[in-house]
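Here are the chains, one letter per residue:
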Amino acid sequence: MRIKVELHPDVQAWLWQHRHDRRLVDSFYRQLRWVCEDPLNRSEPTYDPSLSRYMLRFLGFGEKDDYIAIFQFDPARDLMRVLECRRLKPARRSEGGPSDRGEPP
């Protein structure tokens, strides 16, 4: 399947901002190529009303998949629009656990 990919200007700016981290940028393009081979089976669905009212998809990239690229895929036109790249928030620790209060387990 041949898919056309469009990068939103904010994504282009993000890639430019991170151009000195070659491994991160290479990981983005490597994952993008991999997902383009089968976008619906190699990505996860998501919904972000701040980006689009339609269902979106995302792919993980980075050394530990600590970044995501959110995109819209139009199978009728074989078109993928990458709308945003962002770093994932660190996982939250449970509230009120022993380690949070400084007490031994």
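Along each chain, residue indices are assigned from 1 in the same order as the chain's sequence is written. For a predicted model such as this one, the threshold for reporting local features is a pLDDT of at least 70, and the threshold for listing and counting side-chain atom pairs is 80 or more; totals across whole chains, interfaces and linings nevertheless cover every residue. Heavy atoms throughout the structure, all of them, feed into the side-chain values; hydrogens and water do not.

S.K.: What's the story with the overall build of the protein chain in this structure? I'm lost.
M.R.: Within the protein chain one finds three helices and five strands. Each helix corresponds to a stretch of at least 4 residues labelled H or I by DSSP, and each strand to a stretch of at least 2 residues labelled E; elements are numbered beginning at the N terminus. Reading the secondary structure of the protein chain in the N-to-C direction produces β-α-α-β-β-β-β-α. Contacts were defined at the residue level, with two residues in contact if any of their heavy atoms lie within 4.5 Å. Residue pairs in contact within the protein chain that sit at least 24 positions apart in sequence constitute 41% of those at least 6 positions apart.

S.K.: Which parts of the structure should I look at to understand the packing of helix H1 (residues 9–17) against helix H2 (residues 22–36)?
M.R.: When two helices pack together, their arrangement is given by the angle between the helix axes and the distance between those axes. Remark: H1 packs on H2, axes separated minimally by 9 Å, with the N-to-C direction vectors making an angle of 145 degrees. Every residue of H2 that contacts H1 at Val11, Trp14 and Leu15 is listed here: Leu24, Val25, Phe28 and Tyr29. Class assignment for the residues of the contact of H1 with H2 results in seven nonpolar, no polar and no charged. Note on geometry: axes are lines fitted to C-alpha atoms, helical ones only across the stretch in contact, with angles between N-to-C directions running from 0 to 180 degrees. Following the grouping adopted for this structure description, the nonpolar residues are Ala, Val, Leu, Ile, Met, Phe, Trp, Tyr, Cys and Pro, the charged ones are Asp, Glu, Lys and Arg, and the polar ones are all others, Gly among them.

S.K.: Honestly, the pairing of strand S4 (residues 67–74) in this entry has me stumped. Any pointers?
M.R.: Within a regular strand, side chains alternate between the sheet's two faces. Burial within S4 is extensive, with six of its eight residues counted as buried. At least two bridges found by DSSP between two strands are what make those strands a pair. When strand S3 (residues 56–61) meets S4, the two strands line up antiparallel, connected through five bridges. By the bridge assignment for S4, Leu59 is matched with Ala69. A loop of five residues connects S3 with S4, the two strands running antiparallel in sequence, and Gly62 in this loop sits at a positive phi of about 105 degrees. Counting the residues that bridge the hairpin from S4 to strand S5 (residues 79–87) gives four residues, and of these Asp78 lies at a positive phi of roughly 50 degrees. We call a residue buried when its accessible area falls under 20% of the maximum for its residue type, exposed when it is over 50%, and partly exposed in between, using a 1.4 Å probe and counting protein chains only.

S.K.: What's the story with the packing of aromatic side chains in this structure? I'm lost.
M.R.: Geometry of aromatic contacts follows a simple scheme: Phe, Tyr and Trp rings, the Trp one being its six-membered ring, pair when their centres are within 6.5 Å, and the pair is stacked under 30 degrees between planes, edge-to-face over 60, tilted otherwise. Enumeration over the complete set of coordinates arrives at five aromatic pairs. Measuring from ring centre to ring centre gives 5.1 Å for Phe28 and Tyr29, while their planes differ by 75 degrees; the resulting arrangement is edge-to-face. The exposure class assigned to Tyr29 is partly exposed, which follows from its relative accessible area of 33%. Seen from their ring centres, Phe28 and Phe61 are 5.3 Å apart, and the 70 degrees between their planes marks the pair as edge-to-face. Highlighted residues: Phe28 in helix H2 and Phe61 in strand S3, separated in sequence by 33 residues. For the residue pair Phe28 and Phe61, the accessibility class agrees, reading buried in each case.

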